[in-house]
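# Summary of the model geometry
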Amino acid sequence: MSSASARPRVLSGIQPTGDSMQLGNYLGAVKNWVTMQDGYDAYYCVVDLHAITLDPPEPAALRERTRIVAAQLIAAGLDPDRCALFVQSHLPEHPQLSWVLECLTGFGEANRMTQFKDKSARGGADRQGVGLFTYPILQAADILLYQADYVPVGEDQRQHLELTRTLAQRFNSRYGQTFTVPDAYIPKAAAKILDLQDPSAKMSKSRPDAGTIYLADDAATISKKLKRAVTDLDGEIRFDEAHKPGVSNLIAIHAAFTGLSIEAVEAEFAGQGYGRLKGAVAESVIAFAQPFAARTAELLDDPAELDRLLAHGAAKAAAVASVTLSRAYEAVGFLPPVHQTSVAASAR
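Residues numbered from 1 in each chain as written. Predicted model: local features only at pLDDT ≥ 70, side-chain atom pairs only at ≥ 80, totals over all residues. Heavy atoms only, no water.

As recorded by an unreviewed UniProt entry, the protein carries the name Tryptophan--tRNA ligase and is attributed to Jatrophihabitans telluris. Quoted verbatim from the Subcellular location (unreviewed entry) heading of the UniProt record, the comment on the protein is "Cytoplasm". The heading Sequence similarities (unreviewed entry) in the UniProt record of the protein holds the text "Belongs to the class-I aminoacyl-tRNA synthetase family." (UniProt positions renumbered as here; feature names shortened; annotations may be inferred.)

And the structure:
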């Protein structure tokens, strides 16, 4: 457990890969981040270094998306006074520690990362940047820098967390106890949100817009997408992920936004038809999305204040990351830097 706090420490991050957070991001991860601020020493990072590993955006777009996701995280309920919210590239310790960990990672280990195989397969591995190959190691550095006790992960990130644990143990074994070996945190209430048009797949920014609800969508767009959501032919409102994935997805979304149990939603809409359910889901999503959009716009309209909040988070993060990196560098055997004033004094 972190020595800086009596509470266990948690670390997680989100990429600024689009112009808005989508519903799956919020309900599957960020909603739980907000809850965890009270029980954990929470560090949340906008991982802009990861955002350039595949199809790097234009510089202006990356800067804009980074600001948008930071503003949306605050609008979603992250409180810069109750957590450390910061931008990854603002702390040079991330790539600095990543290099050390890369030198401890076997080529075969990195090559077995399934996400690299999946993503590189789209355009051919020989045409991808090396950063796509090594980004799980940078992800390990993101986690280990903050001595995180827990990392909220989905199934698609479990392999990366296992690599992180392996590298922490390997470093500690070779150089002495330096890093906390993190455990996975699987939120019990995390909702798995599926594509509205293809409920066999997760809702994702990489999928067609018709099946993805963005929290920046206006009320009419949200209603239209939900009205067209795929269901089935039997007309029964029942939660059954195996046989009724589309209907179950709508029930899960409504339950997540209203705080009702799955059973309560089933009972409320029993015998009422899919149109009534879709309308109610739209109402519950819009009730959250409209004030969320207003708060996001307020933050983006005051970039100086947003920068101040991110600088505040970066200072909190640096206080931990700089100590961890110094310990790791000393353990490896790097010569410590001599402060410029000390050099000047010795020259006199």
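Turning our eyes to something else, we now look at the UniProt feature "binding site: L-tryptophan" (unreviewed entry) in the protein. In the numbering adopted here, UniProt assigns the feature "binding site: L-tryptophan" (unreviewed entry) to Asp142. In this structure, aspartate 142 sits in helix H6 (residues 130-144). By relative accessible area, aspartate 142 is classed as buried at 5%. Discounting chain neighbours no more than four positions away, the residues touching aspartate 142 are Leu11, Val47, His50, Gln88 and His94. Within the structure, aspartate 142 has its side chain in polar contact with the side chain of glutamine 88 (distance 3.0 Å). (Helix = DSSP H or I, 4+ residues; strand = E, 2+ residues; numbered from the N terminus. Buried < 20%, exposed > 50% of the residue type's maximum accessible area, 1.4 Å probe, protein only. Contact = heavy atoms within 4.5 Å. Polar contact = N/O pair within 3.5 Å; in protein donor to acceptor, adjacent residues only side chain to side chain.)

Moving on: the packing of helix H2 (residues 59-76) against helix H11 (residues 274-300). Between H2 and H11, the least distance of the axes is 8 Å, while the angle of their chain directions is 130 degrees. The angle between the axes of H2 and H11 places the two elements in the oblique class. When you trace H2 past H11, the crossing you get is right-handed. Contacts between H2 and H11 involve Arg67, Ile68, Ala71, Gln72, Ile74, Ala75 and Ala76 on the former and, on the latter, Phe292, Arg295, Thr296, Leu299 and Leu300. Broken down by class, the residue content of the contact of H2 with H11 amounts to 8 nonpolar, 2 polar and 2 charged. (Axes fitted to C-alpha atoms, helices over the stretch in contact; angles between N-to-C directions. Parallel < 35°, antiparallel > 145°, perpendicular 65-115°, else oblique. Left-handed = near helix turned anticlockwise from the far one by under 90°. Nonpolar A, V, L, I, M, F, W, Y, C, P; charged D, E, K, R; others polar.)

Here we take up the environment of leucine 161. Structurally, leucine 161 is set in helix H7 (residues 158-175). If we skip the residues at most four places from it in the chain, leucine 161 touches Ile143, Val151, Val153, Pro182, Asp183 and Ala184.

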